[in-house]
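# Structural characterization, general
The primary structure of each chain is shown beneath.
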Amino acid sequence: MLIKKSNRWSLSENEATPETVYRQRRDILKKLGITMVGLPLASQAQAGLFDLFEGDKKPAPDNRRALATRSSSYSNRQLALTPEDKILKYNNFYEFGTDKSDPAANSQQFRTNPWNIQVGGMVRNPTTLGYEDLYKHFPLEERIYRLRCVEAWSMNVPWIGFPLASLLRKASPTSGAKYVAFQTLYDPKQMPGQASRRLGGGIDYPYVEGLRLDEAMHPLTLLAVGLYGKTLAPQNGAPIRLVVPWKYGFKSIKSVVNITLTDKQPPTTWNLLAPNEYGFYANVNPKVDHPRWSQASERFIGEGSLFSSRRQPTQMFNGYASEVAGLYKGMDLKRNY
């Protein structure tokens, strides 16, 4: 597939946000005194609950290592970056708990080495790669993508990774393959949310997701191994996660261990849990509301306190319409949400 890269993607990270935020971010964040997480937890909106404070929970120690990347033409220059500190502290990763601060607090001992990722199913070359093998086979690049949560908040994140298409081509899908299924690690001893339905939001684990093959092969679809110049923290989906920037965040499955090519539409976790609220495609669409809240606008988590984060209109396909709208030509995007 060929896509035309518009000028709005051609931007380095230090042009998107002040250099001091990236190169001296620890000093900057200390001066900002960020201590609150003040966004509504929309997944519990029916109970009228809001996450107002981080409380006494401490984030995981920063054991990430620096990553070398090559330049990329895929970067979002429309917004400043969300500060790294907020990306590390405000997370949805129910395997470690449902509060926004739970993943950082409960993943401190999460082991990501050794780690294998398997690619199988309808492929000519079934492949198993260790985590370090990924760096040998696939050059890493930094891509600044908008992240839009179904809960109506958003971030702008400098991901580090490589196109999912590169890994799929290595496995060589057969002509009958139409979908790609993904699975998160299942390890209740390390992931307390998997060991308890109460802590894990009532989900039947392991977490599973899926894409159509053409979506998976699209140049924007990324397998991320880092952000802000370092390897991923556990709360952000270490050691490897999917990033599909034109879809709601729950499609971007974390801590992936299995990728399977299939000719049938695979089950997906949130669609299984609440099919009237979460569809298979889950494309960001301001005209298709969640049954319990509007998707017409979003709270962008940027500089300043979370209470001062500004609301802005939601963009169709999260701002990537010129690149991906052709994938859904002729489809009813409301019925096929």
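Residues numbered from 1 in each chain as written. Predicted model: local features only at pLDDT ≥ 70, side-chain atom pairs only at ≥ 80, totals over all residues. Heavy atoms only, no water.

### Here's the deal with the overall build of the protein chain
Counting its regular elements, the protein chain contains 11 helices and 12 strands. Residues counted as buried form 59% of the 337 residues belonging to the protein chain. By element, 51% of the accessible surface of the protein chain is carried by carbon and sulfur atoms, the whole surface being about 14700 Å². (Helix = DSSP H or I, 4+ residues; strand = E, 2+ residues; numbered from the N terminus. Buried < 20%, exposed > 50% of the residue type's maximum accessible area, 1.4 Å probe, protein only. Areas by Shrake-Rupley, 256 points an atom, 1.4 Å probe, with all protein chains shown as cover.)

### A short note on the sheet that holds strand β10 (residues 256–262)
On the basis of which strands lie adjacent, the open sheet formed by 5 strands has the order β2-β1-β10-β5-β6 and mixed pairing. Pairing within the sheet leaves two strands with one partner each, and these edge strands are β2 (127–130) and β6 (208–212). The average undirected angle you get between the axes of adjacent strands in this sheet is 15 degrees. (Pairing = 2+ DSSP bridges. Axes fitted to C-alpha atoms, helices over the stretch in contact; angles between N-to-C directions.)

### Focus on the side chain of Glu277
Of note, Glu277 is situated in the loop between α10 (269–273) and β11 (297–300). Within the structure, the side chain of Glu277 is placed 3.3 Å from the side chain of His290, a separation counted as a polar contact. When neighbours within four sequence positions are excluded, Glu277 is seen to be in contact with His290, Pro291, Arg292 and Tyr337. (Polar contact = N/O pair within 3.5 Å; in protein donor to acceptor, adjacent residues only side chain to side chain. Contact = heavy atoms within 4.5 Å.)

### Section: the pairing of strand β7 (residues 222–227)
Within β7, 6 of the 6 residues are buried, which leaves the element mostly enclosed by the surrounding structure. In this structure, strand β4 (residues 153–163) lies alongside β7, joined through 5 bridges in antiparallel fashion. Looking across to β7, one finds that Trp159 is bridged to Leu227. Where β7 and strand β9 (residues 241–243) come together, 3 bridges link them in antiparallel fashion. Along β9, the bridge assignment pairs Ala224 with Arg241. Alignment of β7 against strand β8 (residues 230–231), held across 2 bridges, turns out to be antiparallel. Counted as the bridge partner of Leu227 is Lys230 from β8.

### Focus on the packing of aromatic side chains
Here the structure, examined in full by the defined rule, presents 15 aromatic pairs. When the ring of Trp270 is compared with that of Tyr278, the centres are 5.1 Å apart and the planes differ by 55 degrees; the resulting orientation is tilted. Take Trp270 and Tyr278: they sit in the same class, and that class is buried. Ring pairing ties together the aromatic residues Tyr179, Phe280, Tyr281, Phe317 and Tyr328, which thus form one cluster. It is Lys251 that lies over the ring of Phe280; its NZ or CZ is 4.4 Å from the centre. Across the ring face of Phe93, the terminal group of Lys254 is positioned such that the distance to the ring centre comes to 5.4 Å. (Phe/Tyr/Trp six-rings, centres within 6.5 Å; stacked < 30°, edge-to-face > 60°. Lys NZ or Arg CZ within 6 Å of the ring centre and 35° of its normal.)

### A few points about the pattern of salt bridges
A complete count under the given rule lists 15 salt bridges for this structure. Between Arg70 and Glu141 there is a salt bridge, with its nearest N and O atoms 3.5 Å apart. Placement of the pair is Arg70 in the loop between α3 (25–32) and α4 (84–89) and Glu141 in strand β3 (residues 141–148), with a sequence separation of 71 residues. A relative accessible area of 46% places Arg70 in the partly exposed class. Across the pair Lys264 and Asp263 runs a salt bridge whose closest N-O atoms are separated by 3.5 Å. For Asp263, a relative accessible area of 35% puts it in the partly exposed group. (Salt bridge = Lys/Arg side-chain N within 4 Å of Asp/Glu carboxyl O.)

### Here we look at the nonpolar core
Most often, soluble globular proteins keep nonpolar side chains buried together rather than apart. In this structure, Trp159, Leu168, Trp246, Phe250 and Ile259 are the most contacted members of the largest nonpolar core, which totals 83 residues. No other element matches the 6 residues that β4 contributes to this core. Apart from residues lying up to four places away in sequence, Ile259 is in contact with Ile117, Gln118, Val119, Gly120, Leu164, Leu167, Leu168, Val180, Ala181 and Phe182. (Core = buried A, V, L, I, M, F, W, Y, C linked by side-chain atoms within 4.5 Å.)

### Considering the side chain of Ser255
As for its position among the elements, Ser255 is in the loop between β9 and β10. One polar contact links the side chain of Ser255 to the main-chain carbonyl oxygen of Ala238, over a distance of 2.6 Å. Contacts of Ser255, omitting those with residues within four sequence positions, involve Phe93, Phe110, Trp115, Gln183, Thr184, Leu185, Gly237, Ala238, Ile240 and Arg241.

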